[in-house]
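# Coordinate analysis (summary)
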Amino acid sequence: MSSSTPRATNLTPEELEELRARARREAGPFLAPDVLRRARVHNEEWAAEILGHPYGGPHAVTWPELYLLHLAVQAEPTPPPPPLATAARLERETRAAQERRAVAQEAAYREKEWRELADALRRAGVRVEVRHNYTSHRHLEFYTQGADHVYLLDALRVGRLWRDAGVVLCHTPSNARNLACLEPATDGRLPSCRTCLGHLRSAARRLAA
Ligand SMILES: [Zn+2]
């Protein structure tokens, strides 16, 4: 172990040797009930360094080892944080923070895109809003069940995409019944229907051209 590697104990190798020698001298052949009662370790990494080999739990140590751990707890009441467990926890926290950032970035991107696309249509006189579909019970290829759709407040005529006012962009004669009941989304949610978003993107692109 290099000197820069964080250790689970601040006891020096000399101090550890001394404790081990003392444990060999003092432990004796019989268990001491008061030591057993108070037996504990700070953490597994610390115990492994004290023992000089992996610590398998209180039932996996011999009586002299238990006594050594007992002496070591008294010699070092407050050891440093266990390096491996601490590093693992930091890594988990870092990963969680990265994921939260990615989710926030994705949300910000979707929000910005929606605003820009809706603005592009509004400049062409077509107002859109997000409406949630509560009624679909079936899943068809051309709409997403329970999705948030892009609803037209004005008729849209761009390229081959013709839609009346009062329908969603993914509206077709065959899915009209499934999209009959749409409620305005009042909680600032963004459209999630891929078909609606696809039509919205291509309409905005054509209108901007
Ligand atoms: Zn849709």
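On a predicted model such as this, the values are computed, not experimentally measured, just so you know. (Residues numbered from 1 in each chain as written. Predicted model: local features only at pLDDT ≥ 70, side-chain atom pairs only at ≥ 80, totals over all residues. Heavy atoms only, no water.)

### Some remarks on the overall build of the protein chain
- Along the protein chain, the regular secondary structure elements total six helices and five strands.
- Relative to its length of 209 residues, the protein chain is extended, with a C-alpha radius of gyration of 34 Å against a globular reference of 17 Å.
- Residues classed as buried in the protein chain amount to 36% of the 209 residues present.
- Considering only residue pairs separated by 6 or more positions, the protein chain has 66% of its internal contacts joining residues 24 or more positions apart. (Helix = DSSP H or I, 4+ residues; strand = E, 2+ residues; numbered from the N terminus. Rg over C-alpha atoms; globule rule 2.2 N^0.38 Å. Buried < 20%, exposed > 50% of the residue type's maximum accessible area, 1.4 Å probe, protein only. Contact = heavy atoms within 4.5 Å.)

### Observations regarding the pairing of strand β1 (residues 128-133)
- Here β1 lies mainly inside the structure; five of its six residues are buried.
- Relative to strand β2 (residues 148-152), β1 runs antiparallel, the two sharing five bridges. By the bridge assignment for β2, Val128 is matched with Leu152.
- As paired strands, β1 and strand β5 (residues 182-184) are joined by three bridges and run antiparallel to one another. Bridged to His132 within β5 is Glu183. (Pairing = 2+ DSSP bridges.)

### Structural notes on the domain arrangement of the protein chain
- Domain annotation for the protein chain reports domain 1 (13-75) and domain 2 (107-208).
- Here domain 1 and domain 2 have C-alpha centroids that lie 69 Å from each other. (Domains from an automatic or database assignment.)

### A few points about the coordination of the zinc ion
- Those donors, His149 (ND1), Cys170 (SG), Cys193 (SG) and Cys196 (SG), are the protein atoms that reach the zinc ion, and they lie 2.0 to 2.3 Å from it.
- Between the four donor atoms coordinating the zinc ion, the angles at the centre fall across 98 to 122 degrees, so the site counts as tetrahedral.
- Positions of the donor residues of the zinc ion along the chain correspond to the pattern H-x20-C-x22-C-x2-C. With His149 in strand β2 and Cys170 in the loop between β4 (161-163) and β5, this residue pair connects regions lying 21 residues apart in the sequence.
- Classification of His149 by relative accessible area gives buried; the value is 0%.
- Its relative accessible area of 1% is what places Cys170 among the buried residues. (Donors = N, O, S within 2.8 Å, 3.2 Å for Na, K, Ca; no water. Tetrahedral: all angles 85-135°; square planar, octahedral: opposite > 155°, others 65-115°.)

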